[in-house]
Each structure stands twice: as C-alpha cells, then as structure tokens.
Amino acid sequence: MAIEDNPESRTKYGEELRAKREAAGFTQEELSQRAVMSRTHIAHIEAGRRRPDVADARRLDGVLGTGGFFERFLPALDGPKVAEHFAEALEFEQQATLIRQYAPKLVPGFLQTEAYAREVLGSGHPPKDDQERDRLLGTRLERARVLQDFDKPVVWTMLDEAVLRRPIGGPRVMCEQLRHLLALGESRRIRLHVLPYEAGAHAVLEGLVSLMWFSDLPPIAYVEGLKNGRVWELPSVVRQCQEVYDHALGDALSHRRSLALIRSVAEDYEHEAQQQ
C-alpha cells in the first residue's frame, strides 16, 4: 500500500518517524544503533529529504514496534525517472543550499539545454526508444528548476576543458549549450571554472564529483563513474572529497578567464555551423 514519492509524502513520512521515535523514548543516535542505520540517514528521513529502502523500513518497524507501518506507507519511487544510482543524489540536489561540482566529460545535467540533453540521452547503450528517451529528458530538464531562485542554491561548476571541446550534437547544439552556460555565468547565477588541458594530471582526474551543503544537515559528496555512483555521508570521506575539489580548483582558470574561454569556443562552433 505504498504512497507516491514526492516532497510532501516524504515530509509526512519523516514526521511520523520522528513522532514514533520520540514516543518510544529514543534519540536519533539510539534509534540508529538499534536499527543499524546511520544517525545522519535517520535525520535526513525525518527532515523529509530522503526515503528509506524497504530493508530500512522493516528495521524501523521492528525497533519501534509499529507493526509494519513504515513498510506499508513507504513512498514509492514512481516519480522522476533517473539512473538508479543517481536517484538518492537527485533528492539531495533539490534540497541543497550550496553545490560545488566537477564535470569531467559532459555539462552537468541541470545545466544542459534541451538539444544537448537529448543528444546525451540518445547516445547511451543499450539504445533507448523515443518514448524512454523523452521520459528521461523531461526529468533532466525538470532538474533545472533548482536554478529558479537567483541565490539558492549557490552553484560552483568546474568543467574539464574536454566538456567544451567534445562536439555533442554538432556545432549548433554546442554553440547553444555554451552560450547557455555563458548566460548563467555572466548573470552571476552560477560561478564557472574551466580546468584547462594544460593543467595535466590533477586531483579530480578520476571522475565526477558533486559536493552539497544544507541548511540544517551535514554536507554530503556524490561521486560517479561508468554505470555507478555513490552518495557519501561519512564525514572523513566528505572532507577528503572537499579537499580534492579545492586542490583541483587551484589549477582551474578564474571565473572571468573561464567565461572568456567558453565564449571563444562558442564562437568557433558558431563559425563552424555557419560554414555548414
């Protein structure tokens, strides 16, 4: 008897967990020890930021003696369709007050134009039919809503130069995509840094990193590789990811110089498109 997964249902679920935990006389730490879950995970659930999985819900029911309540009313993932390994990170992304990310190969999802995103989503393996691709595209474009407010979340994006040079969809698509990034950067909605080829080997060479901070919960780190990704909450690991990001940022171009490079590459794509 699962209910639809959305911010309202997660908030109500979290309120129920808090009420039943307090009625049982447990602190978050005590419940975490008894249910074999991290205290941070329980805090996120109670704040409506996350949904437990079925195993978590069963453990909560067992510890709190709630007769299957938390399993029966577990919000079901029937909402936006994303890669399974990214679903948890997406929930965090929508709640973050500060996001710092490094993209080694592609423009980050919530900064992609429709044409660019369609090309990316249509290039995966195994191939997707048009209906499946359009479902994924809708979710990806919906992610851009985090940029609706001018100052929240604060976004720092560090792009490998390869992101600018890889002609996803051809020169017209790339010109549009880079001009979109320019508009966001020049309006001060996001801060952009390009990690140039000349930097050589650098601290975040291994893959995508997204660091997120929240108003009332500890920061997290999301790292991603081919067909896999992981959210890290362990403070020592999060801190290490932050240090790696800061180290690489020291090798990146300034915001002003990054915008100049992006503008130059966009103009090259525009010229190429005109010739075609």
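Summarised in this report is the structure supplied together with it. (Residues numbered from 1 in each chain as written. Predicted model: local features only at pLDDT ≥ 70, side-chain atom pairs only at ≥ 80, totals over all residues. Heavy atoms only, no water.)

## Regarding the packing of aromatic side chains
According to the stated counting rule, one finds four aromatic pairs in the structure shown. With a centroid separation of 5.1 Å and 90° between ring planes, the pair formed by F69 and F70 is classed as edge-to-face. Exposure remark for F69: the relative accessible area of 19% places this residue in the buried category. For F70, a relative accessible area of 0% gives the class buried. Ring geometry for F92 against F214: centres 5.5 Å apart, planes inclined by 50°, an arrangement best described as tilted. One end of the pair, F92, is in helix 6 (residues 87-95); the other, F214, is in the loop between strand 4 (208-213) and strand 5 (220-225), with 122 residues separating them in the sequence. A relative accessible area of 9% means that F214 is categorised as buried. Aromatic ring contacts, followed pair by pair, group Y13, F69, F70 and F73 into a single cluster. Geometry around F69 places K20 over its ring, the cationic atom sitting 4.4 Å from the centre. Its guanidinium or amino end placed over the ring of W232, R230 lies 3.6 Å from that ring's centre, counting from NZ or CZ. (Phe/Tyr/Trp six-rings, centres within 6.5 Å; stacked < 30°, edge-to-face > 60°. Buried < 20%, exposed > 50% of the residue type's maximum accessible area, 1.4 Å probe, protein only. Helix = DSSP H or I, 4+ residues; strand = E, 2+ residues; numbered from the N terminus. Lys NZ or Arg CZ within 6 Å of the ring centre and 35° of its normal.)

## With respect to the packing of helix 7 (residues 114-121) against helix 8 (residues 130-142)
Two quantities define a packed helix pair, namely the angle between the axes and the distance from one axis to the other. Put simply, helix 7 and helix 8 touch, their axes get as near as 10 Å, and they point 135° apart. Regarding the angle of helix 7 to helix 8, the classification is oblique. As helix 7 runs across helix 8, the sense of the crossing is right-handed. Side by side, helix 7 and helix 8 meet where E114, A117, R118, V120 and L121 of the first sit next to R133, L136, L137, R140 and L141 of the second. For the contact of helix 7 with helix 8, the class distribution of residues is six nonpolar, no polar and four charged. (Axes fitted to C-alpha atoms, helices over the stretch in contact; angles between N-to-C directions. Parallel < 35°, antiparallel > 145°, perpendicular 65-115°, else oblique. Left-handed = near helix turned anticlockwise from the far one by under 90°. Contact = heavy atoms within 4.5 Å. Nonpolar A, V, L, I, M, F, W, Y, C, P; charged D, E, K, R; others polar.)

## Topic: the sheet that holds strand 4
A sheet is described by the order of its strands in space; here six strands give the open sequence 3-2-1-4-5-6, paired in mixed fashion. Because the sheet does not close on itself, it has two edges, and the strands there are strand 3 (190-195) and strand 6 (228-232). Between one strand axis and the next, the sheet turns by 10° as a mean value, whatever way the strands run. Bridging between strand 4 and strand 5 involves five bridges; their strand directions are antiparallel. If you follow L208 over to strand 5, its bridge partner there is E224. (Pairing = 2+ DSSP bridges.)

## Overview of the pattern of salt bridges
When their charged atoms lie close together, side chains carrying opposite charge are able to pair. Tallied over the entire structure, the rule returns 15 salt bridges. Notably, a salt bridge pairs D56 with R59, separated by 2.5 Å at the nearest N-O pair. Taken together, the residues span about one helical turn, with D56 and R59 both in helix 4 (residues 54-64) at a distance of three residues. For D56, a relative accessible area of 8% translates into the label buried. Residue classification places R59 among the partly exposed positions, given a relative accessible area of 32%. As a salt-bridge pair, R179 and E270 come within 2.9 Å of each other at their nearest N and O atoms. (Salt bridge = Lys/Arg side-chain N within 4 Å of Asp/Glu carboxyl O.)

Note that every value here comes from positions in space, so none of it alone points to a role or purpose.
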